[in-house]
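Given next are the chains, with one letter for each unit.
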Amino acid sequence: MLALAAARLGFDVAVLDPAPDAPAARVAAKAIAAEYDDPAALALLAQISDAITFEFENVPAAAIQTLADLGAAVAPSGRALAISQDRLAEKTFLNAAGAPTVAFAAVGGPADLAEALKRHGAPLLVKSRQGGYDGKGQAWLERADDIDAVWRAAGAVPAIAETPAGFDRELSVIAARGRSGEVAVYPLGENRHVGGVLRQTTAPARTTPAVQSQAEQIAVTLLAALDYVGVIGIELFEQRGGGLLVNEFAPRVHNSGHWTLDGCEVDQFEQHIRAVAGWPLGPTRALARVEMTNLLGDEIDAWQALAAEANARLWLYGKTEARPGRKMGHVNRLGPLDP
Ligand code: AMP
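Note that the structure is predicted; figures quoted are calculated from it, not measured.

**A short note on the pairing of strand S13 (residues 289-296)**
Reasoning step 1: Along S13, seven of the eight residues are buried, which leaves the element largely enclosed by surrounding structure.
Reasoning step 2: Pairing analysis gives four bridges linking strand S10 (residues 197-203) to S13, with the strands arranged antiparallel. Paired with Gln200 across the strands is Thr293, a residue of S13.
Reasoning step 3: Taken together, the eight bridges between S13 and strand S15 (residues 327-335) define a ladder with antiparallel strand orientation. Paired with Arg289 across the strands is Gly335, a residue of S15.

**Focus: the site of the ligand**
Reasoning step 1: Taken together, 17 residues form the shell around the ligand, and within it Lys127, Gln138, Glu162, Glu170 and Glu248 come nearest.
Reasoning step 2: For the ligand, an oxygen atom lies 3.1 Å from a polar atom in the side chain of Arg87.
Reasoning step 3: In the model, an oxygen atom of the ligand is placed 3.2 Å from a nitrogen or oxygen of the Asn247 side chain.
Reasoning step 4: Taking 480 Å² as the accessible area of the ligand by itself, protein coverage stands at 90%.

**Some thoughts on the environment of Glu270**
Reasoning step 1: Looking at where Glu270 falls in the secondary structure, it is placed in helix H10 (residues 268-277).
Reasoning step 2: Taking relative accessible area as the criterion, Glu270 reaches 6% and is therefore assigned buried.
Reasoning step 3: Taking the C-alpha atoms as reference points, Glu270 and Ala51, separated by 219 residues in sequence, lie 14 Å from one another.
Reasoning step 4: Look past the residues within four positions of Glu270 in its chain and what remains in contact with it is Ala5, Arg8 and Leu9.
Reasoning step 5: Polar side-chain contacts of Glu270 include one of 3.1 Å to the side chain of Arg8.

So, how was this worked out
- Residues numbered from 1 in each chain as written.
- Predicted model: local features only at pLDDT ≥ 70, side-chain atom pairs only at ≥ 80, totals over all residues.
- Heavy atoms only, no water.
- Buried < 20%, exposed > 50% of the residue type's maximum accessible area, 1.4 Å probe, protein only.
- Helix = DSSP H or I, 4+ residues; strand = E, 2+ residues; numbered from the N terminus.
- Pairing = 2+ DSSP bridges.
- Near = heavy atom within 4 Å.
- Polar contact = N/O pair within 3.5 Å; in protein donor to acceptor, adjacent residues only side chain to side chain.
- Areas by Shrake-Rupley, 256 points an atom, 1.4 Å probe, with all protein chains shown as cover.
- Contact = heavy atoms within 4.5 Å.

Set out below in C-alpha cells:
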C-alpha cells in the first residue's frame, strides 16, 4: 500500500524483501530479494534511492543504521525502531518523554517475577522484551506458584512484567511528522482485539474533544522526543474517566490506520510517503465513519460477497498462502459521520 501510494505520487519504488514474490515487490518498479541485513543489498538500496523507509518492525535496527551510515535519507530512524523493538526500552522511553503507561518491572528470570509480584501484586502480564507481537510471547501471572510456568510460557527470555491496564476500551492514534518538524494527527480509532490480534477498528472513534486532544498531545510529545519522520501508530488504553495510557508505538504505518484509505482525503500511506520524501503533510480530517475489519486466514474466501457490498471497500494483499490467523486483507465499511 506504501508502494501504491508512492507510485501515485510519481515515485519509482524499489522493494527489499527476502521473498521474491512479496506483495510489495509485485507492485514496485524494482525488487531486491535479499535478507534485510544483506550488506550488498543495503548498499544497492542506498545507492539507487533518494529516500528509504520500512513498514515492518522486525527489520533489524542495525540495517537501518547501516543505511544511515551510507548517507541514505532513511526514516524513521534506527533509534526509533530499536526503542520500539524492546518493550522495556519502549516503556522506559515513554515515561521519560512524559507519556503515561502502566507500571512495569524488568524481568531477567523467575526471581524478578517473584520480586515484581511482591512490589506490584497480582495479576501481572509478562511479555517477552523482544520479538513478540499480536499477543505472542505473553502470559498472565496470577500467583507465586505459577512463576516458573509463566516464565516458560513467555518464552524464558528477558521480559517485562506489566500491571493490568484496567481499560474500558482500546484506542489508537495515527500521526505523522514531516522533515521540518510539522505534525499531523488523525482522529482516534477504537480497536477491538481478539486473542491479542486486531479484528476491527472503528474511526473516528466516538469520544470527547478532551480525549482526542489528550491523544494528540501524546502523539506530539512522542514524535518530538523521537525526532521522528514518518507515520507512527500509537496504541492506547482508555481508562474509566477518559485517562489515556500508552501501550506501545509502532514506527510505521499501522493496521489500525487502514480505515484512512477510504475515510480520509490523504490516507496514512500517502502521508508516510509525503513525510519521508520531504513533502508537505496532507489533511487528516475524516470524510466518513469507517469500520475496518481484518480478513484473517480463510475469511478472505468471502471476497465475492464483500466486493458486492455497496458501501464496502475491499483491500486484498496478494499474499499467496492463507494460513490460519494471517492478515490477508481488510474491508472498510463506510457510513456517515455523526451530524
Ligand atoms: P501488545 O502485544 O502489547 O500490543 O498486547 C496485545 C493486547 O494485549 C493489547 O492490545 C491488549 O488487549 C492486551 N494487553 C496488553 N498489555 C496489557 C496490560 N498491561 N493490561 C491489560 N491488557 C493488556
